[in-house]
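Here's the letter readout for the chains.
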Amino acid sequence: MKKKYTPEQWAGRITKAYGITLLVVAAVLLIVSFLMYLEPVQEKYAQWLVYLEDFEYQITTLQDRWMIVIVLFLLFLVRCLLPFYPQSVILVISGVVFNAWTAFFINMCGMALGIALRYYTGKEMGEGYTLKLLRKYPIFDTILEKNGLSNSVLLFLFRLFPGVPPNSVSQIYGSMY
């Protein structure tokens, strides 16, 4: 028999998991900062900086900026369907090529496009996707129940929690409505 949690219990569990995640990230950053004092690590870092400067020069000397915008949007679309590279790669590329405000606008439009595509995919898949997820992970049954705290609020909170892909949350939204 599976245990049912109240929304307050779930909020406590999510807060605890978020706190643990932040502690782990802080520990990793502390270790990395200590490793930066080692000479081999400093040499690799210097090589990486040279590579990034070369990459930046190659991108900034491109002539057709609109083609870059189209390629960035295509990268956002491919990223939302086949997440085999981190989204931060696209964000960095747009930040290198364009000024801060233009890159921000392009990134926001690209992320919105990806989230909308995953929502539409979930809507087309229908409620079966949510039911399959509930059968595979019974814990989601408690999270998405209609009687407790609004499931829309909980799904929004999942967008804020690191490690839960926002595109998957959008797909769950789409399959629920």
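Residues numbered from 1 in each chain as written. Predicted model: local features only at pLDDT ≥ 70, side-chain atom pairs only at ≥ 80, totals over all residues. Heavy atoms only, no water.

Looking now at the overall build of the protein. Of regular secondary structure, the protein possesses 9 helices and 0 strands. Beginning at the N terminus, the succession of helices and strands in the protein can be written as α-α-α-α-α-α-α-α-α. Within the protein, buried positions represent 25% of all 177 residues. Residue pairs at least 24 apart in sequence account for 64% of intrachain contacts in the protein once pairs closer than 6 positions are excluded. Carbon together with sulfur atoms contributes 71% to the accessible area of the protein, which is approximately 12400 Å² in total. (Helix = DSSP H or I, 4+ residues; strand = E, 2+ residues; numbered from the N terminus. Buried < 20%, exposed > 50% of the residue type's maximum accessible area, 1.4 Å probe, protein only. Contact = heavy atoms within 4.5 Å. Areas by Shrake-Rupley, 256 points an atom, 1.4 Å probe, with all protein chains shown as cover.)

Taken together, the side chains of Tyr 45, Trp 48, Leu 49, Tyr 51 and Leu 52 make up a nonpolar region of the molecular surface, amounting to roughly 500 Å² of accessible area. Along the chain, Leu 52 falls in helix α2 (residues 39-60). (Patch = residues over 30% accessible without salt bridge, like charges linked within 9 Å, V, L, I, M, F, W, Y side chains within 5 Å. Salt bridge = Lys/Arg side-chain N within 4 Å of Asp/Glu carboxyl O.)

Running from amino to carboxyl end, helix α3 (residues 65-81) crosses helix α5 (residues 100-125) at an angle of 35 degrees, the nearest separation of the two axes being 9 Å. The two elements α3 and α5 meet at a crossing, and its hand is right-handed. Residues Val 69, Leu 72, Phe 73, Phe 76, Leu 77, Cys 80 and Leu 81 of α3 lie in contact with α5, whose contacting residues are Ile 106, Asn 107, Cys 109, Gly 110, Met 111, Leu 113, Gly 114, Leu 117 and Arg 118. In terms of residue class, the contact of α3 with α5 is made up of 12 nonpolar, 3 polar and 1 charged. (Axes fitted to C-alpha atoms, helices over the stretch in contact; angles between N-to-C directions. Left-handed = near helix turned anticlockwise from the far one by under 90°. Nonpolar A, V, L, I, M, F, W, Y, C, P; charged D, E, K, R; others polar.)

This next bit is on the nonpolar core. One recurring pattern in soluble globular proteins is that nonpolar side chains are buried together. Ile 68, Val 69, Leu 72, Phe 76, Tyr 85, Ile 90, Ile 93, Val 97, Phe 98, Ala 103 and Ile 106 together form the largest nonpolar core, which totals 11 residues. Elements with a contribution of two residues or more to this core: α3, α4 (87-97) and α5. Tallying contributions element by element places α3 first for this core, with 4 residues. Excluding residues that lie within four positions of it along the chain, Val 69 makes contacts with Phe 98 and Ile 106. (Core = buried A, V, L, I, M, F, W, Y, C linked by side-chain atoms within 4.5 Å.)

Okay, the packing of aromatic side chains next. Per the counting criterion, the structure on display carries 2 aromatic pairs. For the ring pair Trp 101 and Phe 104, a centre distance of 6.3 Å and an interplane angle of 85 degrees mean the geometry is edge-to-face. Of this pair, Trp 101 and Phe 104 both sit in helix α5, 3 residues apart, which is roughly one turn of that helix. Given a relative accessible area of 46%, Phe 104 falls into the partly exposed group. (Phe/Tyr/Trp six-rings, centres within 6.5 Å; stacked < 30°, edge-to-face > 60°.)

Right, let's talk about the confidence of the model for the protein for a bit. With 71% of its residues at a pLDDT of 70 or more, the protein has an overall mean of 78. α5 holds the highest mean pLDDT among the elements of the protein, 87, whereas helix α7 (residues 139-143) holds the lowest, 61. (pLDDT = per-residue confidence, 0-100.)

A few words now on the packing of α4 against α5. Interhelical geometry of α4 versus α5 gives an angle of 150 degrees and a closest axis separation of 9 Å. Our classification of the angle between α4 and α5 gives roughly antiparallel. The two elements α4 and α5 cross, and the hand of that crossing is right-handed. On α5, the residues touching Gln 87, Ile 90, Leu 91, Ser 94 and Gly 95 of α4 are Ala 103, Asn 107 and Met 111. Classifying every residue of the contact of α4 with α5 by side-chain character gives 4 nonpolar, 4 polar and no charged. (Parallel < 35°, antiparallel > 145°, perpendicular 65-115°, else oblique.)

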